[in-house]
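Here is how the chains run, residue by residue.
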Amino acid sequence: MRPFLVVGNWKMNGTRESATQLVNEILRGPELPATAEIAICPPFVYLADMARLLNGGTLILGAQNLCAEDNGPYTGEVSGSMLRDAGCRYVIVGHSERRNLYAENDALVARKFMAAQRAGLTPILCVGETLTQRQRGETHAVIMRQLMAVLDAAGIDAFDQAVVAYEPVWAIGTGKTATSAQAQEVHALVRACISAGNARIGGAIRLLYGGSVKASNAAELFQMPDINGGLVGGASLEAYEFIAICKAAI
Ligand code: 13P
């Protein structure tokens, strides 16, 4: 099994000064566990500054989004190769905030996933159902649709260099975490789906849980058999809280 992965998604928060302070606090704080890869995903404009601070050390850099195209007349967009150039190794694709607020559909998410890999980045593909979908009993269908859209477009082999994050929309930024049993159930579904295409890849792929992960609930979530790390929003903006979550990695 590959090491656990804990990713801090800062979303659109902070200033250059607060970002610098946060990274310095993480770097100077209690030692991060060797059992996990730890990544931060700052806003685009701070990536280069953060890359300088991280200086190729153990803390890894990722981005929150990328353009599905490689270059050209796409005003305001940022390509995968630019992110690579800035020092990123990971990039989040299909975050529910992108899907819901910026109308990114499954087809576009699949194109972004493939663009990330063309640039040598590891995509973190987010999937997750809304509260209404869960209440209607549609959770499995939604997750399968979001996952299959990328599997069909990119092929199973592409998942050898990818991460999937289950982020129930109703748990994001709400303080309402999925129970470890609820999360495990969906993670098992995702792994079974990928394993059906390739058992080795399905067994090895890292599946992260995201949605109100905190130091107080990380250990319980991380001990579930199909949870291999976390995608952390709000709690990744506090150095000691984030470090405590990282320390829960198995
Ligand atoms: P919160 O941890 O703030 O709920 O956010 C989760 C998330 O969306 C991470 O990508």
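Higher on the page you've got the structure.
Numbers given to residues run from 1 along each chain, matching the order in which its sequence is written. Where totals are concerned, whole chains, interfaces and linings use all residues; where local detail is concerned, this predicted model gives features only for residues with pLDDT of at least 70, and gives and counts side-chain atom pairs only at 80 or more. Hydrogens and water molecules were not included; the side-chain quantities draw on all heavy atoms of the structure.

S.K.: Any chance you could break down the overall build of the protein for me, citing the residues and the numbers?
M.R.: Helix and strand labels come from DSSP, where a helix needs a run of H or I of at least four residues and a strand needs a run of E of at least two; each type is numbered from the N terminus. Secondary structure assignment for the protein yields eleven helices and eight strands. Our radius of gyration looks at C-alpha atoms and nothing else; its globule reference is 2.2 Å times the residue count to the power 0.38. The C-alpha radius of gyration of the protein comes to 17 Å, within 12% of the 18 Å expected for a compact globule of 250 residues. When the backbone C-alpha atoms are referred to their principal axes, the protein occupies close to 45 × 45 × 35 Å. Each residue gets one of three labels from its accessible area relative to the maximum for its type: buried under 20%, exposed over 50%, partly exposed in between, using a 1.4 Å probe on protein chains only. Here the protein holds 250 residues, and 54% of them are scored as buried. Every accessible area reported is derived by Shrake-Rupley at a probe size of 1.4 Å, with residue values counting cover from the shown protein chains alone. Within the structure as shown, the protein displays about 10,800 Å² of accessible surface, and the carbon and sulfur contribution to it stands at 52%.

S.K.: Residue-level account of the sheet that holds strand β3 (residues 59-63), with values.
M.R.: Pairing between strands is defined by DSSP: at least two bridges between the two strands are required. Spatially, eight strands are ordered β1-β2-β3-β4-β5-β6-β7-β8 in a closed barrel, and the strand pairing comes out parallel. The mean inter-strand angle of the sheet, taken between neighbouring strand axes irrespective of direction, is 25°. Alignment of strand β1 (residues 4-9) against strand β8 (residues 229-232), held across four bridges, turns out to be parallel. Bridging across to β8, leucine 5 finds its partner in glycine 229. Contacts were defined at the residue level, with two residues in contact if any of their heavy atoms lie within 4.5 Å. Whenever a helix is involved, its axis is fitted only over the stretch in contact; in every case the axis is a line through C-alpha atoms, and angles between N-to-C directions fall within 0 to 180 degrees. In the packing of helix α5 (residues 106-118) onto the sheet, contacts are made with β4 (90-93) and β5 (122-127), and the angle to β5 comes to roughly 160°. Along the sheet face, helix α11 (residues 239-247) touches β1, β2 (36-41) and β8 and points at about 160° away from the line of β1.

S.K.: Can you tell me about the pairing of β1, naming the residues and giving the values?
M.R.: In regular strands, side chains alternate between the two faces of the sheet. Here β1 lies mainly inside the structure; six of its six residues are buried. Alternating positions in β1 separate into two faces, Phe4, Val6 and Gly8 on one and Leu5, Val7 and Asn9 on the other, with burial throughout. Judged from the six bridges that link them, β1 and β2 form a sheet pairing that is parallel. Residue pairing in the sheet places valine 6 in a bridge with isoleucine 38 of β2. The handedness rule is simple: strands pointing away from the viewer, and a clockwise path from the first strand over the helix to the second, make the crossover right-handed. For the handedness criterion, the β-α-β arrangement of β1, helix α1 (residues 16-28) and β2 is classed as right-handed.

S.K.: Describe the layout of surface pockets, naming the residues involved and giving the relevant values.
M.R.: Quantified by volume, the largest pocket comes out at close to 520 Å³. Cavity: a set of points on a 1 Å grid over the protein atoms alone where a 1.4 Å probe fits but cannot get out. Pocket: an open set with protein on both sides within 12 Å along at least five of seven lines, its lining residues, like those of a cavity, having an atom within 4 Å of a point. Lining the largest pocket are 18 residues; nearest its centre among them are Lys11, Met12, Gln64, Asn65 and Arg98. Of the residues forming the lining of the largest pocket, the biggest block, three residues, is contributed by helix α4 (residues 96-101). Grid points are joined across faces, edges and corners, and a volume is the space filled by probe spheres set on the points.

S.K.: Go over the side chain of glutamate 104 with me, naming the residues and quoting the values.
M.R.: In this structure, glutamate 104 sits in the loop between α4 and α5. The contacts of glutamate 104, once residues within four sequence positions are left out, are Asn65, Arg98, Arg99, Val109 and Lys112.

S.K.: Lay out the packing of aromatic side chains in plain terms, naming residues and giving numbers.
M.R.: Stacked, edge-to-face and tilted are the three classes for Phe, Tyr and Trp ring pairs, Trp counted by its six-membered ring, which pair at centre distances within 6.5 Å; planes under 30 degrees apart are stacked, over 60 edge-to-face, the rest tilted. With the rule as written, the count across this model stands at three aromatic pairs. Taking 5.6 Å as the distance between ring centres and 70° as the angle between the ring planes, the aromatic pair formed by phenylalanine 4 and phenylalanine 222 counts as edge-to-face. Remark: phenylalanine 222 occurs in helix α10 (residues 215-222) and phenylalanine 4 occurs in strand β1; sequence separation between them is 218 residues. What makes phenylalanine 4 buried here is its relative accessible area of 8%.

S.K.: Please set out the packing of α1 against α11 residue by residue, giving values where relevant.
M.R.: Where α1 meets α11, the axes come as close as 9 Å, and the angle between the chain directions of the two elements is 45°. What the angle tells us is that α1 and α11 run oblique. Note that α1 runs across α11; the crossing there is right-handed. Contacts between α1 and α11 involve Leu22, Glu25 and Ile26 from the first element and Ala239, Phe242 and Ile243 from the second. Across the contact of α1 with α11, the residue classes break down as five nonpolar, no polar and one charged. Note that the term roughly parallel is reserved for angles under 35 degrees, roughly antiparallel for angles over 145, roughly perpendicular for angles of 65 to 115, and oblique for everything else. Crossing chirality is assigned from the near helix's rotation relative to the far helix, an anticlockwise turn below a right angle marking it left-handed and a clockwise turn marking it right-handed. Classification convention: Asp, Glu, Lys, Arg as charged; Ala, Val, Leu, Ile, Met, Phe, Trp, Tyr, Cys, Pro as nonpolar; all other residues, Gly among them, as polar.

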